[in-house]
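# Fold and contact review
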Amino acid sequence: MTESAEERAAATARVAQYRLGDEQLVRGEGIRSWDASGREYLDCVSGTFNLILGHHHPEVMAAVRAQTEELVFASSSFRTESTDRLMRDLAALAPAGLTRVNLRSSGGSTANEGAIRIAQHHTGRRDVIVPFRGHVGQTIAAAGYNGSSRMRAPFHMPPLGAVHVPDAYCFRCFYRQTPDSCGMLCVSRIEDFITYASSGSVACVLIEPISGMGGNIVPPPDYFPALRALCDEHGIVLIFDEIQTAFGRTGQMFAADLFGVVPHMMTVSKGLTGSGLPLAAIVTEERMADWDRSLHGFTYGGHNLAAAAAVKTLEIVRRPGFLENVRRTGAILTERLCALQREHPMLGDVRGPGLMLGLELVRPDGGKAPELAHTFQRALHARGVLTRVSEHGLGNVIELRPPLILTPAEAHLIADRFGEALAMVAAEAVGRTMPAPRVGTARPDRAG
């Protein structure tokens, strides 16, 4: 007897160790994906922020198929053509001064751990400064450095020397200041954290130039120059976690280019292969190449198949007009969303460059509204738009990260559906605030 789709889903749910999603995706192409019932979705989070070229990009898939005919995997004791080419390409593409590439990581968490190790090895120091909403990763050590205590609370973690400092979150400034008069307290007060909250031995600052899971926080223009100056003054290594921001997401090749500040080290992953194949890299200054490779390495780091996909992805991203398209479609989405913000006060803020956008949902008094964010996300899902809510679903910011191949027509389509969803949420909110009609009387909308 043949099982139905519902029976297969129930059987899988019984053996899965974690809660599964309701839909089963079966196909993807460009910015769209389809589930087993044939329903179409606009993927506005690019898979898990990693499909920067969309689903099943034909050139990347062709490069992967060609590589499967030659060599899928090789021990890190050997060089391969794909990994050689990728290291050279990354070194050529990285901001000036970042000349060394470490490919021995398979994801963002392990790349960030490797970057911390390199900084500690290079400086001989221990502590790591991370913003409150910083997301370092999901491994046991990376989670120990995460800003959110929720990621650490269930586990017995060894002391890792994490020092958490307020982010440059101008919309909700920790210091109750405004950008025009704050004196960049979010940088200058780090001195106090170093003096009073650290062990006195700070190796590095690890920061996402624009927070990914933490709410799409975009620092003001003066923030990173001031942070780089502070790090240089104290001999601290500045690490940019560009896991989500690299390879065009912000409209520039790297967020470092957008902000005009070069870090001492950078980590990249997610969009690196354009396709969903796992790979990560650490890019460092020349002075940090003095360590033994055995100190950081993972079985699937530098995977040859993923490297072939990455080489083709970087070729595509560097083509004339690619980044211009990101900026153009990002501007369309931002303009349309800002127009919706003027109509709907529940949209407290629309922020982000390029196609890395965040929409902050607020209560009438301006407070955070996570329940409203989830209502909005469900309304978008009902209209076939896939989004995520910040802080692993506990925040109040809708994360909007469509593939970078988005066309202007698709940007308008997404904005149209955002408008429909907002109108529905607003209508429901009005309905909840209206008094219930008394028995025997007509409803207000039917009264003569």
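Refer to the structure printed above.
Notes on the structure follow. Residue positions are counted from 1 within each chain, in the order its sequence is given. Whole-chain, interface and lining totals are the exception, using all residues; otherwise, since this is a predicted model, local features are given only for residues with pLDDT of at least 70 and side-chain atom pairs are given and counted only at 80 or more. Based on all heavy atoms of the structure, the side-chain values leave hydrogens and waters out of the count.

Now for the sheet that holds strand E12 (residues 357-361). Pairing in this open sheet of four strands is antiparallel, and the strands run E11-E12-E15-E14 from one edge to the other. Each edge of the sheet is formed by a strand with only one pairing partner; in this case those strands are strand E11 (347-351) and strand E14 (388-389). Strand pairing requires that DSSP identify at least two bridges connecting the strands. A run of H or I in DSSP becomes a helix once it reaches four residues, and a run of E becomes a strand once it reaches two; helices and strands are each numbered from the N terminus. One ladder, built from four bridges, connects E11 with E12; its direction is antiparallel. Each bridged residue has a counterpart across the sheet, and for Val350 the counterpart in E12 is Leu359. A contact between two residues is defined here by any heavy atoms of the two lying within 4.5 Å. Convention adopted: a line fitted to C-alpha atoms gives each axis, helices being fitted over their contacting stretch, and angles between N-to-C directions are expressed from 0 to 180 degrees. Sitting on the sheet, helix H12 (residues 322-343) touches E11, E12 and strand E15 (397-400), and the angle it makes with E11 is about 165°.

Attention now moves to the environment of Leu103. Mapped onto the elements, Leu103 comes out in strand E4 (residues 98-105). Buried, partly exposed and exposed residues are distinguished by accessible area as a fraction of the type maximum, computed with a 1.4 Å probe on protein chains only: under 20%, between the cut-offs, and over 50%, respectively. Overall, Leu103 belongs to the buried group, its relative accessible area being 8%. Sequence-wise, Leu103 and His303 are 200 residues apart; in three dimensions their C-alpha atoms are separated by 8.6 Å. If sequence neighbours within four positions are ignored, Leu103 has contacts with Thr83, Leu86, Met87, Leu90, Ala280, Ala281, Gly301 and Gly302.

Moving on, we come to the nonpolar core. Take the buried residues of types Ala, Val, Leu, Ile, Met, Phe, Trp, Tyr and Cys, join any two whose side-chain atoms come within 4.5 Å, and each joined set is a nonpolar core. Ranked by size, the top nonpolar core spans 93 residues in total, and within it Leu86, Phe247, Phe376 and Phe418 carry the most contacts. The greatest single-element share of this core, amounting to nine residues, is contributed by helix H11 (residues 304-317). Once you skip the residues sitting within four places of it in the chain, Phe247 turns out to touch Ile52, Leu90, Gln252, Met253, Phe254, Val268, Ser269, Gly271, Leu272, Leu314, Val317 and Leu404. Counting residues in each nonpolar core, the second largest holds 19 residues, with Ala115, Tyr145, Leu206 and Met265 among its members.

Turning next to the pattern of salt bridges. By convention in these notes, a salt bridge is any Lys or Arg side-chain nitrogen within 4 Å of a carboxyl oxygen on Asp or Glu. Per the stated rule, a full pass over the model turns up 23 salt bridges. One salt bridge in this structure joins Glu315 and Arg319, with 2.9 Å as the shortest N-O distance. For Arg319, a relative accessible area of 30% corresponds to the partly exposed category. Arg383 is the salt-bridge partner of Glu420, the closest N and O atoms lying 3.8 Å from each other. In this pair, Glu420 is assigned in helix H14 (residues 408-433) and Arg383 in the loop between helix H13 (370-382) and strand E13 (385-386), connecting sequence segments 37 residues apart. Exposure remark for Glu420: the relative accessible area of 42% places this residue in the partly exposed category. Given the relative accessible area of 23%, Arg383 is considered partly exposed. Through salt bridges with shared partners, a single network forms among Glu59, Lys312, Glu315 and Arg319.

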